Amino acid sequence: MKKKYDVIALGELLIDFTMSGQSEQGNNLFEACPGGAPCNVLALLNKMGKRTAFVGKVGKDQFGALLKNTITAAGIDASHLVTDENVNTTLAFVHTFPDGDREFSFYRNPGADMMLCEDEIDTEFIGQAEIFHFGTLSMTHDGVRAATKKAVQAAKKSGCLISFDPNLRLPLWSSADLAREQMEYGFGVCDILKISDNEIQFVSGKEDYDEGIAYLQEKYHIPLILLTMGKDGSRAYYKGMRVERPGFTVRTIETTGAGDTFGGSSLNYILEHDFNDMTEEQLGEMLTFANAAAAIVTTRKGAIPAMPEREEVLKLAAEA
């Protein structure tokens with residue numbers, strides 16, 4: 001029986017203030033870009049014609065209203081986006097360096113996304129997804145961690161595929177050990193893991209990516225692991241296969257949302273194919289498409305409104 005949604009994601013929804021030049025007086029200007037990894041993933045999936053929904057919390061303020069309107073306009077079901085009466089919407093200031101890399105300053109002490117609680121999780125609703133997607137930012141604090149784990153268990157019980165992206169942001173954790181512990185929870189429950197080069201080194205303690213992935217495979221038996229390596233491309237590890245595809249050279253403005261775009265593209269491909277029986281050729285095709293989509297997003301500001309159309313991605317992918 002086909003489920004109502006292709007993907008339901010849970011987690012943070014916030015405003016990313018990205019640097020946008022300077023004023024005449026030489027002050028830095030910031031642009032308010034709707035963000036948050038889980039909805040970035042969903043926005044890409046919507047562009048690919050998939051049915052998505054989001055579970056999370058924003059504040060009863062102008063930013064919360066902007067976020068709800070943004071995800072609704074992107075076609076994401078916001079019926080389970082909760083509004084907090086007392087705590088403001090989470091904000092992140094993204095400081096971009098000349099090489100395009102970035103550093104985050106978070107205003108989240110607390111922020112509304114942290115205030116989602118267990119009794120706000122509708123387990124029946126969660127079970128209506130083919131894939132349930134989450135990250136670790138909804139596990140930094142006790143209440144929202146309990147809410148996340150309740151949703152994950154409901155998704156597992158309903159037979160959803162579980163997709164996990166650690167999306168490590170160390171400044172948001174009380175300790176690196178707690179971050180590692182919650183990442184390990186995700187590894188233990190997921191079917192699809194999207195992990196970046198620096199995250200695999202952080203969690204495995206190994207410099208070599210293949211060794212780090214082997215460590216995860218032996219310990220957690222994750223069916224599909226997708227490793228992103230920035231401009232160097234990506235790899236898929238699945239049933240003893242290791243497939244690698246190069247990245248694309250584009251004029252990068254900023255990298256916000258690139259990993260989420262890659263993740264969303266991969267989930268889109270999985271929805272269109274048999275997850276239990278993927279070939280080496282299919283894995284390669286999935287990576288090339290996901291690398292191309294991620295590259296396109298780095299040429300634009302922000303993430304949710306910047307998601308590419310399928311034709312655009314196919315055009316760039318054809319250059320591989």
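For the structure, see preceding data.
Reference entry: report on the structure contained in this document.

Rules of the game
- Residues numbered from 1 in each chain as written.
- Predicted model: local features only at pLDDT ≥ 70, side-chain atom pairs only at ≥ 80, totals over all residues.
- Heavy atoms only, no water.
- Helix = DSSP H or I, 4+ residues; strand = E, 2+ residues; numbered from the N terminus.
- Rg over C-alpha atoms; globule rule 2.2 N^0.38 Å.
- Buried < 20%, exposed > 50% of the residue type's maximum accessible area, 1.4 Å probe, protein only.
- Contact = heavy atoms within 4.5 Å.
- Areas by Shrake-Rupley, 256 points an atom, 1.4 Å probe, with all protein chains shown as cover.
- Lys, Arg positive; Asp, Glu negative; His and termini not counted.
- Charge placed at Lys NZ, Arg CZ, Asp CG, Glu CD.
- 1 Å grid on protein atoms, 1.4 Å probe; cavity = no way out; pocket = protein on both sides within 12 Å on 5 of 7 lines; lining within 4 Å.
- Points joined across faces, edges and corners; volume = space filled by probe spheres on them.
- Nonpolar A, V, L, I, M, F, W, Y, C, P; charged D, E, K, R; others polar.
- Axes fitted to C-alpha atoms, helices over the stretch in contact; angles between N-to-C directions.
- Parallel < 35°, antiparallel > 145°, perpendicular 65-115°, else oblique.
- Left-handed = near helix turned anticlockwise from the far one by under 90°.

Now for the overall build of the chain. Helix and strand counts for the chain stand at 10 helices and 13 strands. Taken over C-alpha atoms, the radius of gyration comes to 18 Å for the chain, in line with the 20 Å a tight globule of 320 residues would show. Referenced to the eigenvectors of the C-alpha coordinate spread, the extents of the chain come out at roughly 55 × 45 × 40 Å. For the chain, the residues scored as buried account for 55% of the 320 residues in total. Restricting to contacts in the chain with at least 6 residues of sequence separation, those with at least 24 account for 70%. Just so you have it, the chain exposes about 13,800 Å², and 48% of that area is on carbon and sulfur atoms. The chain carries 31 positive and 46 negative side-chain charges, and their two centres are separated by 3 Å.

Moving on to empty space enclosed by the protein. A water-sized probe, rolled over the atoms, reveals where empty space remains. One pass over the full model with this rule turns up two cavities of 30 Å³ or more. In this structure, the largest cavity encloses a volume near 60 Å³. Along its surface, the largest cavity is lined by Glu 12, Ala 37, Pro 38, Val 41, His 133, Phe 134, Gly 135, Thr 136, Leu 137, Asp 165, Asn 167 and Asp 260. The class makeup of the residues in the lining of the largest cavity is five nonpolar, four polar and three charged. A volume near 50 Å³ is recorded for the second largest cavity. If you trace the second largest cavity, you find it lined by His 133, Ser 163, Phe 164, Ile 192, Leu 193, Lys 194, Leu 226, Gly 263, Ser 266 and Leu 267. If you list the elements that add at least two residues to the lining of the second largest cavity, you get strand E9 (161-165), strand E10 (192-196) and helix H8 (258-271).

At a minimum axis separation of 9 Å, helix H6 (residues 197-204) and helix H7 (residues 209-220) run at an interaxial angle of 60 degrees. Here H6 lies oblique to H7, going by the angle between them. In this structure, H6 crosses over H7, and the sense of that crossing is left-handed. Residues Asp 197, Ile 200, Gln 201, Val 203 and Ser 204 of H6 lie in contact with H7, whose contacting residues are Tyr 209, Gly 212, Ile 213, Tyr 215 and Leu 216.

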